[in-house]
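Results of the structural survey
Each chain, letter by letter, is given below.
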Amino acid sequence: MEYNKWIADFEIGDEVEGFYILKTAQSKTSNSGKPFLSAVLSDRSGSIEAKVWDYAGPVGQADEGSILKIRGAVSEYRGSRQMILSRLRPAQEGDQFELADLVPVAPIDLEGAWTELREAVDRLGDQDYAGICRRMMERYGDRFRNLPAGKSMHHSFVGGLLMHTVNMVRAAEFLSELYKEAVDRDLLIAGTLLHDFAKCGEFVTSPLGLVTEYSVSGQLLGHLVMGSQAVGEIGGALGVPEEKTVLLQHMLLSHHGDPEFGAAVRPMCAEAELLSIIDLMDSRMEIYQEAMEETEPGQFTKRIFALDKKVFRHR
């Protein structure tokens with residue numbers, strides 16, 4: 001029995017006991033009619049799917065984002081590692097574990113990344129766009145710097161939203177030069193930087209900083225609409241010309257590309273089109289990166305919901 005072993009180091013056949021984060025949990029029923037828990041456990045090194053057979057609680061979806069003490073064995077299912085748990089309970093007062101070992105954190109210098117965004121704003125030639133960006137950074141900065149970019153889809157670790165945004169701004173700066181005949185650089189950079197700021201109000205996080213659920217506003221409006229509202233409010237307060245404010249709002253409202261994927265409207269200018277492509281590219285590449293870390297060379301992953309397919313890790 002190994003104690004508090006890193007998930008990234010789990011091998012088939014390992015028997016493990018220790019403390020891990022319950023990243024997701026769903027109570028389900030098997031084909032034979034018996035209840036079971038389907039979960040994802042995580043620590044700072046990675047995550048793994050877990051099953052608890054013949055289990056109806058008390059641990060369940062309401063405990064997502066909390067720390068569990070578990071005992072189980074690592075097995076293989078469809079080419080991927082999976083844990084079968086024999087025991088689990090919420091962490092209790094007096095339990096000994098290091099919180100820093102459990103919370104997955106973006107593999108970047110968070111303060112350096114925030115400074116990089118501020119410098120990107122300072123390079124903007126259009127002071128109207130720069131002014132809105134600075135005001136948004138002042139409003140959301142403390143929460144934005146540590147927030148995950150999602151609950152489970154991509155960059156779902158502390159600082160993930162900042163990492164996602166910095167990656168996208170770097171890509172936007174390169175592509176704005178490549179397509180300078182079609183793209184207003186300052187509009188593209190500003191829209192890219194601001195596109196997910198309203199996730200600060202969309203997500204509810206656990207004391208560990210991980211996303212556990214969506215706020216009421218997040219469910220009823222979503223971060224695209226909430227971000228557009230914030231930009232409109234700030235643009236009006238700063239006296240920014242209406243057309244510029246509306247263009248930025250359009251960038252935020254359309255950055256998911258298509259209403260099928262959550263966009264309020266489709267992109268209708270070159271900068272909005274490019275933003276939606278950059279967003280999709282970075283999110284999907286992070287999903288590939290995380291999948292490759294958990295897949296042996298020469299093997300396929302299980303079907304990845306966000307990609308709607310399984311993928312191959314070549315040697």
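Refer to the preceding data block for the structure.
Conventions we followed
- Residues numbered from 1 in each chain as written.
- Predicted model: local features only at pLDDT ≥ 70, side-chain atom pairs only at ≥ 80, totals over all residues.
- Heavy atoms only, no water.
- Helix = DSSP H or I, 4+ residues; strand = E, 2+ residues; numbered from the N terminus.
- Buried < 20%, exposed > 50% of the residue type's maximum accessible area, 1.4 Å probe, protein only.
- Lys, Arg positive; Asp, Glu negative; His and termini not counted.
- Salt bridge = Lys/Arg side-chain N within 4 Å of Asp/Glu carboxyl O.
- Polar contact = N/O pair within 3.5 Å; in protein donor to acceptor, adjacent residues only side chain to side chain.
- Contact = heavy atoms within 4.5 Å.
- Phe/Tyr/Trp six-rings, centres within 6.5 Å; stacked < 30°, edge-to-face > 60°.
- Lys NZ or Arg CZ within 6 Å of the ring centre and 35° of its normal.
- Patch = residues over 30% accessible without salt bridge, like charges linked within 9 Å, V, L, I, M, F, W, Y side chains within 5 Å.
- Areas by Shrake-Rupley, 256 points an atom, 1.4 Å probe, with all protein chains shown as cover.
- Pairing = 2+ DSSP bridges.

With respect to the side chain of Asp43
Among the structural elements, Asp43 can be located in strand β3 (residues 35–43). Among buried charged residues, Asp43 stands out as having no salt bridge; its nearest opposite-charge side chain is Arg44, 7.4 Å away. For Asp43, the side chain forms a polar contact with the main-chain nitrogen of Ile7, separated by 2.9 Å. Not counting residues within four places of it along the chain, the set of residues in contact with Asp43 comprises Lys5, Trp6, Ile7, Tyr20, Asp101, Leu102 and Pro104.

Looking at the packing of aromatic side chains
Two measures describe an aromatic ring pair: the distance that separates the ring centres and the angle between the ring planes. Scanning the entire structure with this criterion turns up eight aromatic pairs. Where Trp114 meets Phe144, the ring centres are 5.9 Å apart and the plane angle is 50°; that geometry is what we call tilted. Taken together, the positions of Trp114 in helix α2 (residues 110–122) and Phe144 in helix α3 (residues 127–144) put the pair 30 residues apart, joining distant regions of the chain. Trp114 gets classed as buried once you look at its relative accessible area, which sits at 5%. The ring of Tyr129 carries the charged tip of Lys244 above its face, separated from the ring centre by 5.7 Å. The positively charged end of Lys310 is found above the aromatic ring belonging to Phe300, 4.9 Å away from the centroid.

Some points on unusual backbone geometry
Here the residue pair Gly57 and Pro58 is connected by a cis peptide bond, since its omega of 15° sits within 30 degrees of zero. Along the chain, Pro58 turns up in the loop between β4 (46–53) and β5 (67–77). Of note in the backbone geometry, Asn4 takes a positive phi value of approximately 55° without being a glycine. By the secondary structure assignment, Asn4 is in the loop between β1 (2–3) and β2 (15–29). Positioned with a positive phi, Asp308 is a non-glycine residue whose angle comes to about 60°.

Some thoughts on a nonpolar patch on the surface
Taken together, the side chains of Phe174, Leu178 and Tyr179 make up a nonpolar region of the molecular surface, amounting to roughly 350 Å² of accessible area. By secondary structure assignment, the location of Leu178 is in helix α4 (residues 160–178).

Quick word on the side chain of Ser47
Examined against the element boundaries, Ser47 turns out to sit in strand β4. With a relative accessible area of 16%, Ser47 lands in the buried category.

Quick word on the pairing of strand β6 (residues 80–90)
Where β4 meets β6, three bridges bridge the pair, whose relative direction is parallel. In the strand pairing of β6, Ala50 is matched with Met83. Of the pairings in the sheet, the one linking β5 to β6 comprises ten bridges and is antiparallel in character. Its bridge partner being in β6, Ser75 is matched across the sheet by Gln82. Linking β5 to β6, which pair antiparallel, is a turn of two residues; within it Arg78 sits at a positive phi near 55°.

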